[in-house]
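Examination of the molecular architecture
Here is how the chains run, residue by residue.
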Amino acid sequence: MDTLLSFILATTIVSFMPGPSMALIMMHAVDRGFATSVQTSLGAVLADAILLVLALSGVGAILYSSALAFTALKWVGVVYLIWLGIAQLRSPVSTSADQPASKPGNAFLQGLGVTLFNPKIIGFLIMYFPQFLDAKRPALPQLLVLGPLFLLVVFVVFLICALLAHAMRRLLLTERGRLWFRNTTGGALIGCGLLSMRL
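What you see is a predicted model; the values in this text were computed from it and never measured.

What counts, and where the lines are drawn
Residues numbered from 1 in each chain as written. Predicted model: local features only at pLDDT ≥ 70, side-chain atom pairs only at ≥ 80, totals over all residues. Heavy atoms only, no water. pLDDT = per-residue confidence, 0-100. Helix = DSSP H or I, 4+ residues; strand = E, 2+ residues; numbered from the N terminus. Buried < 20%, exposed > 50% of the residue type's maximum accessible area, 1.4 Å probe, protein only. Core = buried A, V, L, I, M, F, W, Y, C linked by side-chain atoms within 4.5 Å. Axes fitted to C-alpha atoms, helices over the stretch in contact; angles between N-to-C directions. Parallel < 35°, antiparallel > 145°, perpendicular 65-115°, else oblique. Left-handed = near helix turned anticlockwise from the far one by under 90°. Contact = heavy atoms within 4.5 Å. Nonpolar A, V, L, I, M, F, W, Y, C, P; charged D, E, K, R; others polar. Expected span 1.5 Å × (residues − 1). Patch = residues over 30% accessible without salt bridge, like charges linked within 9 Å, V, L, I, M, F, W, Y side chains within 5 Å. Areas by Shrake-Rupley, 256 points an atom, 1.4 Å probe, with all protein chains shown as cover. Salt bridge = Lys/Arg side-chain N within 4 Å of Asp/Glu carboxyl O.

With that out of the way, let us pick up the confidence of the model for the chain. Per-residue pLDDT for the chain has a mean of 80; in total, 80% of the residues score no lower than 70. Ranking the elements of the chain by mean pLDDT puts helix H4 (residues 59-65) last, at 59, and helix H8 (residues 139-167) first, at 92.

Let us now look at the environment of Leu179. Relative to the helices and strands, Leu179 resides in helix H9 (residues 175-197). A relative accessible area of 35% means that Leu179 is categorised as partly exposed. Once the C-alpha coordinates of Leu179 and Leu89 are considered, the two residues, 90 residues apart in sequence, prove to be 9.0 Å apart.

Among the nonpolar cores identified, the biggest contains 37 residues, and Phe7, Leu125, Phe129, Phe150 and Phe158 are the most heavily contacted of them. Of all the secondary structure elements, the ones that give two or more residues to this core are helix H2 (20-31), helix H3 (34-57), helix H5 (67-90), helix H7 (120-128), H8 and H9.

Turning our eyes to something else, we now look at the packing of H2 against H8. Here H2 crosses H8 at 40 degrees, and the two axes come no closer than 8 Å. In terms of orientation, H2 and H8 fall into the oblique class. As H2 runs across H8, the sense of the crossing is right-handed. Listed contacts from H8 to Ser21, Met22, Ile25, Met26, Ala29 and Val30 of H2 are Val157, Phe158, Cys161, Ala162, Ala165 and His166. Class assignment for the residues of the contact of H2 with H8 results in 10 nonpolar, two polar and no charged.

This part covers H3. The end-to-end C-alpha distance of H3, which contains 24 residues, comes to 34 Å, matching closely the 34 Å that a straight helix rising 1.5 Å per residue would cover. Phi turns positive one or two residues past the end of H3, at Gly58, with a value near 100 degrees.

Attention shifts here to a nonpolar patch on the surface. Judged by side-chain polarity, Phe16, Leu152, Val156, Ile160 and Leu164 come together as a nonpolar surface patch covering roughly 440 Å² of accessible area. In terms of residue count, the dominant contributor to the nonpolar patch is H8 (four residues). Within the secondary structure, Phe16 is located in helix H1 (residues 2-16). In this structure Phe16 comes out as partly exposed when scored by relative accessible area, which is 39%.

In structure tokens, the structure reads:
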């Protein structure tokens, strides 16, 4: 039980750390509404599930150790993040709290793509889960508990952040406020892409 509590606490802290997926979810919560941010969150969690299976099955270790595969995935992610950032910067600004400012594509697929094309997550998962495994017990039954629990915690954290971001919509009703948010989130996505180029 202590291990599960430690795992939940550690996963919660890690999930609150800012990253491309979180930036996209919060951007959609403010710009397009809470329901859209939930779709984005579901896409990101599905991508996490896919990467988790790859990481824990051993395929992820091969992928992570392959310079060519890692670089290819990294550059796909870089281009996608920059494209999303530019799309956000070019989106129209709305001052209505009930009217989305823009609808640049499918939120679920955007959440899936931003997370799935981030190969660094595989490396993180490969190193993260063994810390909470009991070496004296079979690994598979433990992973069948920790894996879904990890995804659940991540999804709950995403929803909390989406709710907080959605609550900010009332503070961004002015054209200047929406313009500031649009430029900040668009710049953040481009910045995440550029930063990924160096990692």
